[in-house]
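Listed here are the chains, written in short residue letters.
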Amino acid sequence: MLVPSKSARRAVHLLFLVLVVPVFALPLLVIVAASFATDWSGVLPSGATLAHYRDIAHGEALDALLTSLATALAASLGALTAGTWAALAAEKCGRRTRRIIDALFLLPVAVPSVVVGLSLLVAFSRPPLLLNGTPQIVILAHTVLVTAFAYQSVTAALSRLDPAYEQSAAGLGARPAYVLWRVKLPLLLPSLTAAAGLCFALSMGELSATMMIYPPDWLPLPVQIFAATDRGSLFTGAALAVALMAATLLVLLGVSRIRTKASYR
Amino acid sequence: MPAPAAPAAPARNPAPAAPGPASGIRFDGVSVSYGRHGEHTVLDALDLTVAPGEVLALLGPSGSGKTTALRTVAGFVQPSAGRVLIGDRDVTGLPPHRRGIGMVVQQYALFPHMKVADNVAFGLRARKTPRAEIPGRVAEALEMTGMAAYAGRHPRELSGGQQQRVALARALAIRPGVLLLDEPLSALDAQLRSGMLAELARLHRELPGVSILYVTHDQIEALTLADRIAVLDRARLRDCGTPQDLYRRPRTEFTASFVGTANLLPVTVRADRDGVDFAGRRLAVPVGDGTAGGAAATLCVRPHLVGLGARPPGGGPANTLRGTVTEVQWRGSTHRLYVAVDGHRVLADPRELRTTPALGEEIALHFAPEDAVLIPAGLTEDGAGHA
Amino acid sequence: MVAAGAETPAAASPRRPRPRRVAAALWSLPPIAALALVFLYPLALVVWQSVSPEDGGHSTAPYTAVFAEASFREALTNTVLLAAGATAGALLLGLALSLVIAFVPFPGGRALSRFIDLFLAFPSFLITLALLFLYGSAGLANGLWTDVTGAAHGPLDFLHTPWGVLLAEVTYFTPFVMRPLLAAFSQVETGQLEAAASLGARPWRIVRTVILPEALPSLAAGGALVLVLCLNEFGIVLFTGAKDVVTLPMLVYTKALLDGDYTGACVVAVVNITLSVTLYALYRTVMSRTGGGPAFRTGGAHRAGA
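How each quantity is defined
Residues numbered from 1 in each chain as written. Chains lettered and ligands numbered in written order. Predicted model: local features only at pLDDT ≥ 70, side-chain atom pairs only at ≥ 80, totals over all residues. Heavy atoms only, no water. Helix = DSSP H or I, 4+ residues; strand = E, 2+ residues; numbered from the N terminus. Buried < 20%, exposed > 50% of the residue type's maximum accessible area, 1.4 Å probe, protein only. Contact = heavy atoms within 4.5 Å. Areas by Shrake-Rupley, 256 points an atom, 1.4 Å probe, with all protein chains shown as cover. Lys, Arg positive; Asp, Glu negative; His and termini not counted. Charge placed at Lys NZ, Arg CZ, Asp CG, Glu CD. Salt bridge = Lys/Arg side-chain N within 4 Å of Asp/Glu carboxyl O. 1 Å grid on protein atoms, 1.4 Å probe; cavity = no way out; pocket = protein on both sides within 12 Å on 5 of 7 lines; lining within 4 Å. Points joined across faces, edges and corners; volume = space filled by probe spheres on them. Nonpolar A, V, L, I, M, F, W, Y, C, P; charged D, E, K, R; others polar. UniProt positions renumbered as here; feature names shortened; annotations may be inferred. Buried area = accessible area lost by both parts, 1.4 Å probe. Polar contact = N/O pair within 3.5 Å; in protein donor to acceptor, adjacent residues only side chain to side chain. Pairing = 2+ DSSP bridges. Expected span 1.5 Å × (residues − 1). Patch = residues over 30% accessible without salt bridge, like charges linked within 9 Å, V, L, I, M, F, W, Y side chains within 5 Å. Axes fitted to C-alpha atoms, helices over the stretch in contact; angles between N-to-C directions.

(A) Examining the overall build of chain A more closely. Check the secondary structure of chain A and you find eleven helices and two strands. For chain A, the α and β elements follow one another from N to C terminus as α-β-β-α-α-α-α-α-α-α-α-α-α. Counting only C-alpha atoms and orienting by the principal axes, one finds that chain A spans roughly 70 × 70 × 30 Å. Relative to its full complement of 265 residues, chain A shows a buried share of 54%. Considering only residue pairs separated by 6 or more positions, chain A has 69% of its internal contacts joining residues 24 or more positions apart. Split by element, the accessible area of chain A, about 10800 Å² in all, is 67% carbon and sulfur. Taken together, the 19 basic and 11 acidic charged side chains of chain A have centroids lying 17 Å from each other.

(B) Molecular detail of the pattern of salt bridges. Under the definition given, this model contains 24 salt bridges over all chains. For the salt bridge of Glu166 of chain A with Lys92 of chain A, the shortest nitrogen-to-oxygen distance reads 2.4 Å. In this pair, Glu166 of chain A sits in helix α7 (residues 163–171) while Lys92 of chain A sits in helix α3 (residues 60–92), placing the two residues 74 residues apart along the sequence. For Glu166 of chain A, a relative accessible area of 22% corresponds to the partly exposed category. What makes Lys92 of chain A partly exposed here is its relative accessible area of 25%. Between Arg193 of chain B and Asp218 of chain B there is a salt bridge; the shortest N-O distance is 3.5 Å. Taken together, the residues Arg193 of chain B in helix α5 (residues 190–206) and Asp218 of chain B in the loop between β8 (211–216) and α6 (219–225) connect sequence positions 25 residues apart.

(C) Molecular detail of helix α1 (residues 66–74) of chain B. Residues and elements named next belong to chain B. Counting buried positions along α1 gives eight out of nine residues, so the element sits mostly inside the fold. All of the buried residues along α1 are Lys66, Thr68, Ala69, Leu70, Arg71, Thr72, Val73 and Ala74. One or two residues past the end of α1 sits Gly75, with phi positive at roughly 100 degrees.

(D) Structural view of the layout of surface pockets. In this structure, the second largest pocket spans a volume of roughly 580 Å³. Taken together, 26 residues line the second largest pocket, and the ones lying closest to its centre are Asp230 of chain A together with His160, Phe239, Thr240 and Gly241 of chain C. When residues of the lining of the second largest pocket are traced back to their parent elements, those giving at least two are α10 (221–230) and α11 (234–262) of chain A together with α6 (125–135), α11 (235–240) and α12 (248–258) of chain C. Residues belonging to the lining of the second largest pocket are distributed by class as follows: 16 nonpolar, eight polar and two charged.

(E) Up close: the UniProt feature "transmembrane region" (unreviewed entry) in chain C. Residue and element names in this part refer to chain C. Annotation from UniProt places "transmembrane region" (unreviewed entry) at residues 24–48, 80–106, 118–138, 158–178, 215–242 and 262–283. Summarising residues 24–48: 96% helix, 0% strand, and an end-to-end C-alpha distance of 33 Å. Secondary structure over residues 262–283 splits into 100% helix and 0% strand, and the C-alpha atoms at its two ends are 30 Å apart.

(F) Unusual backbone geometry, seen in detail. All names here are of chain B. At Arg175, a position not held by glycine, the phi torsion is positive, near 50 degrees. In this fold, Arg175 is placed in the loop between α4 (160–173) and β7 (178–182). Despite not being glycine, Glu183 shows a phi value in the positive range, around 45 degrees. Along the chain, Glu183 turns up in the loop between β7 and α5. Residue Glu183 is classed as buried on the basis of its relative accessible area, which comes to 8%.

(G) Broad picture of the interface of chain C and chain A. Between chain C and chain A, the contact holds 90 residues from the first and 85 residues from the second. Summing both sides of the interface, chain C and chain A together bury roughly 7600 Å²; the carbon and sulfur share of this comes to 81%. At the surface where chain C touches chain A, the tally comes to zero salt bridges. Linking chain C to chain A there are four residue pairs in polar contact (both at pLDDT 80 or more). The element that contributes the greatest number of residues to the side of chain C that touches chain A is helix α2 (residues 29–50) of chain C, accounting for 14 residues. Of the residues in the side of chain C that touches chain A, the class split is 70 nonpolar, 16 polar and four charged.

(H) Seen up close, the pairing of strand β10 (residues 236–241) of chain B. Most of β10 of chain B is tucked away, with five of its six residues classed as buried. Joining the antiparallel neighbours strand β9 (residues 228–233) of chain B and β10 of chain B is a turn of two residues, in which Arg234 of chain B adopts a positive phi near 45 degrees.

(I) Spatial organisation of the environment of Ala227 of chain A. Assignment of secondary structure puts Ala227 of chain A in helix α10. The exposure class assigned to Ala227 of chain A is partly exposed, which follows from its relative accessible area of 30%.

(J) Local environment of the side chain of Thr87 of chain C. Structurally, Thr87 of chain C can be placed in helix α4 (residues 70–103). Look past the residues within four positions of Thr87 of chain C in its chain and what remains in contact with it is Gly223, Val226, Leu227 and Cys230 of chain C.

(K) Region of interest: empty space enclosed by the protein. Residues and elements named next belong to chain B. Counting across every chain of the model gives four cavities of 30 Å³ or more. Here the largest cavity defines a volume of roughly 80 Å³. Lining the largest cavity, in full, are Leu168, Leu172, Leu179, Leu181, Leu200, Leu203, His204, Leu207, Val210, Ile212 and Leu225. Elements supplying a minimum of two residues to the lining of the largest cavity: α4, β7 and α5. The dominant element in the lining of the largest cavity, judged by the number of residues it contributes, is α5, at three residues.

(L) Main features of α5 of chain B. Residue and element names in this part refer to chain B. Along its 17 residues, α5 runs 25 Å from first to last C-alpha, staying within 8% of the 24 Å computed at 1.5 Å per residue. Looking at α5, one finds that the buried residues are Met196, Leu197, Glu199, Leu200, Leu203 and His204. Where α5 is buried, its residues meet β3 (55–59), α3 (134–144), α4, β7, β8 and α6.

(M) Broad picture of a positive patch on the surface. Together, Arg95, Arg96, Arg98 and Arg99 of chain A, Arg36 of chain B together with Arg21 of chain C line one region of the surface with positive charge. Examined against the element boundaries, Arg95 of chain A turns out to sit in helix α4 (residues 95–110).

(N) The sheet that holds β10 of chain B, seen in detail. All names here are of chain B. Strand order in the open sheet formed by six strands is β6-β7-β8-β3-β9-β10, and the pairing between neighbours is mixed. Because the sheet does not close on itself, it has two edges, and the strands there are β6 (101–104) and β10. Strand after strand, the sheet turns through a mean of 20 degrees between neighbouring axes, direction not considered. Looking at chain direction, β6 and β7 are connected through four bridges and run parallel.

Right, here's the structure in full:
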């Protein structure tokens, strides 16, 4: 509508493709292509192979995938619980209290992830809370980092929820707990699952804090990918990256299916 | 997940109590103010009583405070002063879920994730009504609103009018002593609205014990449905009375112009209190006891009571006005004439005319003395209502 | 007959001044306590450790020591320059792409914007990994060059320089700019554009006078967010693996894990936190000034169960 002439429009679109294809489309494509290649020294990779996938299908890499999935599941459940709880409580508070809670729960976004890792290391390396060297510290770090996103999503969803539902329910004699359980949470369900998916994806790809604190027996996928590329096995790294992307996508797809089923409007 | 803000639960009543004495509502000096120092007053010292079984319409333009008044009864707005009573119980500090009221809001707010039957059962389940009793009560409420056939549907599958009925059924299922209706018909189109009005009137005849507080900005709804109308404007109660009373004997200019259309003429009461002076001529109108001779007042005459010609065709006493026609509108069954009488605009709504007067034509108008109402000055701003 | 009187009349209740607010504040305590334990308290310890030199006592000596290091000053400069450059790049690219998607629509445009959204769900280091295959010494671009010219080496060798980090950051963070921009653009009424066009305004003029003023808050908010995220970016720099590209987060990592100098790491961490939290506070202010950003307004707060 902005560019009326057909040829000008075509020129704009061409320019658009020239920008988008190398910047956005190619990176993901080359990772997928490289994961199936034995060698890449020309324009195109050479030697199609499944060897990299066979390599990662057992041993360390599979462990890493399972480790990442377990970490992401635990972290997103924890973050969703804390974030939803805080968002629901903040909504009922006065404006000033709400602003404080907002600031507190969004702070982890602003603090560098590496520093979050460092701080956990500093705080939990001595008794009584000796978590350094345990899987729990990784899960804790991920939970801290993704709680902010859960809080933000639920707060946004709450502000979109028509207060008339809650008021009608209260007017009909429902106590606050009953309103929450029977009306608010069901209506928020689509947003909650979306938030859970986001948290899961972010945790699956978390590297910065993890690099600071991972114990030798709890290596999530991103750490493995780094280890592989760092020792020069780029193609193995690519295969692991594809596994990471696929797992993330599958979870996001699953969540969006639940979401469409659960959305009433 | 625990609920934020759960006040200490009192001894809960297991089921709705036996049909107690019909409740009624009382506003006792209820004020609502906002702002840091309470500088924005949206409701100013409202005193009003809704008798048990009565339908009271809160009528006013938007921003008059009528919805705020209703929400203080429901518990969604906390008065900054005064008390709200339901029956003889002071509910001012009670949270909404312990007030035992039924409420229908403008947009219905049916729970989209529940079927119609579950929506109607919601209040019963929330109040821990014995499980065996619920289906019967749901069926009864749906029957009453003519929605029994839709029990298995989801709200999104219903039309606006049907959602309205379900919202009513949901409110009635808990057998409230008090029903609050907040502009319940404003989301419907004109035709559905008049149908629903008749329906509401029927429901009220079937439930004679229920007090209804009906908030509306539509005078037709108020005139049709209400036993009494309370007129609100700019946070204050301006007038209160039966529809006939407000229409025929408005006590303030605001009531006269908001309930129906009115010609409001500035007049002076004659010294002998035998009629009034309007633009230098005497008009014969009844002067009430409260009006002193020589006082300024406003004369209210309804346009449909203003006839064409100097005298009524059948004879009898009449006041005559002469003026110039400035505008003629055809409105189907009537004509509306705009006539300039000594610089004042007078409206007349005669039945459809065979020949209409031309613009600029000099014509005569008449009205009977008993059709005019004298509104004393001074009552216009301060509000005259007492419930 | 439905009867009146639904609740047994309780004893006339005394007036309680806003008890619900207090209860709500109480309910917010458990999550805040949890957050304090696992986030705020550790963060406070970092600050505490940064003023506790190895040889005991408390002083600002660690700061003096770290500030004196050339590597620190270089990391600070690198971090700020890279973040500023990447933010500028992401803003320009994001603005251009969003304008086309929103106002010069083409089939598949919506699918494309959803595909770009996908980037938000993937970790940043994937981009650096991909760039290795694209522009690395044995990658696609150099391969194309050697195949065509027969030369032994390709011309592109920038991945292990700051430019490689810059390219990766622009790529990764552009979607963060596009999301709020597309939301803002969807608020611009077609009628306004048509009115401007019918009055004889040329496309660029319409963009400048009608579209951009509407989108400016989102652009500012997106830019501020990207700036904070760039200041904190670690994965891209780590994967680039260049010795001469050290940023503040990278310095925290090397000091703590490779050198074992926790106090020094904490000093750098405090500097990094100060930078990014200040900027983030600024970003939140911009957001609240613009009413929570247009994305929040599109939800339609009063759509009842229809």
